[in-house]
Amino acid sequence: MAKTSPPIFHSINFIAPLMLILYLCIGFVPNWQAVDKIAPQWLVMSSLNFLSILYFTYNRNTLANALSLNLKSFLSLTYIGFFIWAIGSVLYAINPTEVIVNISRQGNVLLMFLSMGIYLFSMKNKIRFISWVITFILGIEIYAVLIEALDMINTTGSIQSGTLKGVTANRNITAFSLAIKLPFVLFLIHLEYKKWIKIVLCILISLTLIGLSMIQSRASFIAVGLSTLGYILLHVGIYLKANKKLSQLFQIGYFIVPLFIALLVNQTLLSSKGADALSRAATISVNTNDGSVNQRLRYYEDVFTHLTLNPIFGVGLGNWKLKSIDYDSKDISGYVVPYHAHSDFIQLGAELGIIGFLLYLGVFLWAVYFVYVLIRYSEFGVDKKVFLFLLMIALGVYIIDANLNFPIARPQVLVVWAVILALITVYYQKHLTSSQQLQSSTKLNWGFLILALIFVIPSLYVNNKVYKSLKGQMFLLQDFNSNSYNLP
């Protein structure tokens with residue numbers, strides 16, 4: 001009997017999971033003496049991209065197929081098209097420097113998405129690995145929220161929802177960072193057979209929902225509602241496909257029961273401490289008497305007005321904060337300008353025109369189309385199709401955030417969005433390779449690697465420059481708040 005040679009170990013088997021973990025943990029990077037922790041987080045993201053591109057260049061022959069197939073995806077090409085169009089906005093921007101700063105950031109998000117896809121392409125058990133990593137990160141994040149809330153109760157006897165932010169910069173980022181991770185926990189509940197693991201995961205979901213009820217971000221309540229509806233539809237669909245076994249309908253309880261527990265805890269223990277989730281949820285409306293709603297509607301109206309007057313070329317990527325002063329000057333309080341339009345989609349329309357808006361929207365439309373094709377036509381098993389459906393729920397959570405806030409400026413949520421798109425792209429490209437022969441392209445790979453290096457090295461300088469600026473702003477704010485101007 002002939003001896004079989006042992007499997008060849010390649011560095012990608014170690015590097016891929018390590019780099020994916022590092023990317024997903026970007027949200028834990030502290031402020032490092034900067035006034036906003038996004039500055040060091042962007043710097044870390046660009047550093048990881050630099051290391052990834054160097055690794056891909058060194059191992060270009062081994063990773064040739066992964067490189068080509070990820071780059072040839074319609075989703076990737078649309079995203080690259082959006083990035084190129086955004087670069088062009090430096091020619092007509094109000095402030096070209098602002099375009100350079102934002103191009104550095106958005107280009108790094110694009111590289112992070114492509115890098116994640118390359119790492120995931122050949123990884124075995126990728127859906128289990130990613131789900132467990134995100135679940136552990138969720139556990140750390142909700143622990144930080146609960147400890148902070150407990151400290152508030154012990155100190156003041158109440159919960160200040162507006163300042164409850166855990167490991168992030170504000171409560172909206174925290175809320176959506178928690179909400180977008182819940183579908184990955186629900187997939188592990190579907191995947192794992194051991195009862196004690198399912199119970200532990202249900203406890204994590206309960207704690208996360210309790211945390212969201214204390215944070216009281218109304219937009220996140222809408223996201224939880226979407227997740228609930230999507231999870232119910234998922235198991236109703238499986239029930240109808242699986243010879244109508246009632247056991248499939250009972251699976252819905254893995255989310256409904258934690259949701260009920262969270263509401264019970266909130267109403268019996270937390271509502272009297274200033275965190276009444278039901279009362280807060282009851283204020284969700286488009287009533288213009290609500291200050292927050294009225295502000296957002298005013299921002300949206302300003303953007304649409306500008307977009308109709310400038311349909312092709314906007315004000316330049318990242319420049320809406322400057323142009324918005326013209327529209328909102330009569331409503332500005334003090335020196336607080338409309339820094340964001342509270343909708344990434346329409347803000348990009350104002351900054352990059354209709355073409356930029358459609359290209360960015362196209363990234364999401366391709367993702368939805370890919371998942372539809374994979375669920376409807378692929379030969380993937382039930383587990384993969386369940387995972388893909390739950391990815392769509394997570395993407396839906398991001399879309400809610402992108403329409404009511406500005407996650408495009410926050411690495412904390414962007415890293416999860418990037419891995420969602422990367423997973424969808426990888427599975428769709430693998431589906432295509434099973435039905436048609438797709439070849440790697442040496443010229444395409446070399447072109448990408450060279451251009452990526454040309455971009456990422458200057459982006460390191462830009463992000464480091466911004467980080468140093470925000471460190472200086474920390475001292476400026478300290479002097480301003482203390483009315484003591486001693487530092488040069």
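Residues numbered from 1 in each chain as written. Predicted model: local features only at pLDDT ≥ 70, side-chain atom pairs only at ≥ 80, totals over all residues. Heavy atoms only, no water.

Just to check I follow, could you spell out the layout of surface pockets for this structure?
Picture a little ball the size of a water molecule; that probe, rolled over the atoms, points out where space is still empty. Its volume calculated, the largest pocket comes out at about 1,400 Å³. If you go around the largest pocket, you meet 40 residues; those closest to its centre are Asp36, Tyr339, His340, Phe406 and Arg410. Taken together, the elements giving at least two residues each to the lining of the largest pocket come down to α5 (96-121), α7 (171-179), α16 (344-377) and α19 (442-482). No other element matches α19, which puts 6 residues into the lining of the largest pocket. Within this model, the second largest pocket holds a volume of roughly 530 Å³. What lines the second largest pocket is a set of 25 residues, and nearest its centre among them are Phe83, Ile87, Leu451, Ala452 and Phe455. (1 Å grid on protein atoms, 1.4 Å probe; cavity = no way out; pocket = protein on both sides within 12 Å on 5 of 7 lines; lining within 4 Å. Points joined across faces, edges and corners; volume = space filled by probe spheres on them. Helix = DSSP H or I, 4+ residues; strand = E, 2+ residues; numbered from the N terminus.)

Sorry, what's going on with the environment of Thr168 here?
Secondary-structure assignment places Thr168 in the loop between α6 (126-156) and α7. Judged by relative accessible area, Thr168 falls into the buried class, the value being 5%. Separated by 96 residues in sequence, Thr168 and Leu264 have C-alpha atoms that sit 27 Å apart. Each residue touching Thr168, except ones within four places of it in the same chain, is listed here: Lys37, Ile173, Thr174 and Gln412. One polar contact links the side chain of Thr168 to the main-chain carbonyl oxygen of Asn170, over a distance of 3.0 Å. (Buried < 20%, exposed > 50% of the residue type's maximum accessible area, 1.4 Å probe, protein only. Contact = heavy atoms within 4.5 Å. Polar contact = N/O pair within 3.5 Å; in protein donor to acceptor, adjacent residues only side chain to side chain.)

I'm lost on empty space enclosed by the protein in this one. Help?
Taken as a whole and assessed by the stated rule, the structure comprises 2 cavities of 30 Å³ or more. Of the pockets and cavities examined, the largest cavity occupies roughly 50 Å³. Considering the residues around the largest cavity, the lining is formed by Lys37, Ile38, Gln41, Thr168, Ala169, Ile173, Arg410, Pro411 and Gln412. Residues of the lining of the largest cavity, tallied by class, amount to 4 nonpolar, 3 polar and 2 charged. (Nonpolar A, V, L, I, M, F, W, Y, C, P; charged D, E, K, R; others polar.)

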